[in-house]
Amino acid sequence: GFIDRAIVATLLGNAEPVVCINKIDLVAPGGPTGAIAELYRGLGYRVVLTSASTKEGTGELKELLMNKTSAFMGQSGVGKSSILNCIEPGLGIRTNALMAKHDRGRHTTTATQLHRLDGGIYVADTPGIKRLQPYGLEPSEVVDYFVEMAPLTDDCQYRDCLHLTEPGCAVRAACEMNQIDSLRYESYRRFMEDL
């Protein structure tokens, strides 16, 4: 759900979303990380798999950042600052290990900081986000940011369908026929409940 909300927030800001999945060194090959990466790639989003520990994928990420201004956002402990330290050795952003008791980050970055890196890269390193709710969306607009669902809305029985409980909903029908990933639909549903 966080990835979907971050994508919506990014698109609302007229920016290009890039999904970066870090700490891939901690996941067994063929695990859920690959399925998530393929889901978002299949939807047309750029996905980069990285490991700040092993430096895997960080070269590809740096190439994407070249001559651009970007922002890293994610939950505490996902390694935003660690990736920046890896991309730019000597940057020296303070990091902490996850809290062992809760397996969560410690909010080491407490304010957004803009860093200038080699290659014309400007990156805003943001504090960990516990809960993300994009602002300024009407409920009827949310589906427009779910690329696989938006084209189906014209086939719904009701023009003002919110794709939750309405009869004749083409989006829900597509989900029931496994044409829409159930995780994405559930993310959409929770997003709508929170509006």
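Further up the page is the structure itself.
In this report, we go over the structure that sits alongside the text.

1. Concerning the packing of aromatic side chains
Note on aromatic pairs: each is described by the distance of the centres and the angle between the planes. On inspection of all chains with the given rule, the structure shows 3 aromatic pairs. Ring plane angle 35 degrees and centroid distance 6.1 Å describe the contact between Tyr 185 and Tyr 188, whose orientation is recorded as tilted. One end of the pair is Tyr 185 and the other is Tyr 188, both in helix α6 (residues 182-194) and 3 residues apart, which spans about a single turn. Through a chain of ring-to-ring contacts, the aromatic side chains of Phe 146, Tyr 185 and Tyr 188 assemble into a single cluster. Positioned over the ring face of Phe 191 is Arg 5, at 5.1 Å from the centre of the ring.

2. Quick notes on the pairing of strand β2 (residues 46-49)
Two strands pair when backbone bridges link them, and strand β1 (residues 18-21) and β2 are joined in this way by 4 bridges, in the parallel orientation. In the sheet register, Cys 20 faces β2, and the bridge partner there is Val 48.

3. Notes on the pairing of strand β5 (residues 121-125)
Along β5, 4 of the 5 residues are buried, which leaves the element largely enclosed by surrounding structure. Across 4 bridges, the pairing between strand β3 (residues 69-72) and β5 is parallel. Of the residues in β5, the one forming a bridge with Thr 69 is Tyr 122. Relative to β5, strand β4 (residues 113-117) runs antiparallel, the two sharing 5 bridges. Note on β5: the bridge partner recorded for Leu 117 is Ile 121. Counting the residues that bridge the hairpin from β4 to β5 gives 3 residues, and of these Gly 119 lies at a positive phi of roughly 85 degrees.

Reading guide: rules and limits
- Residues numbered from 1 in each chain as written.
- Predicted model: local features only at pLDDT ≥ 70, side-chain atom pairs only at ≥ 80, totals over all residues.
- Heavy atoms only, no water.
- Phe/Tyr/Trp six-rings, centres within 6.5 Å; stacked < 30°, edge-to-face > 60°.
- Helix = DSSP H or I, 4+ residues; strand = E, 2+ residues; numbered from the N terminus.
- Lys NZ or Arg CZ within 6 Å of the ring centre and 35° of its normal.
- Pairing = 2+ DSSP bridges.
- Buried < 20%, exposed > 50% of the residue type's maximum accessible area, 1.4 Å probe, protein only.

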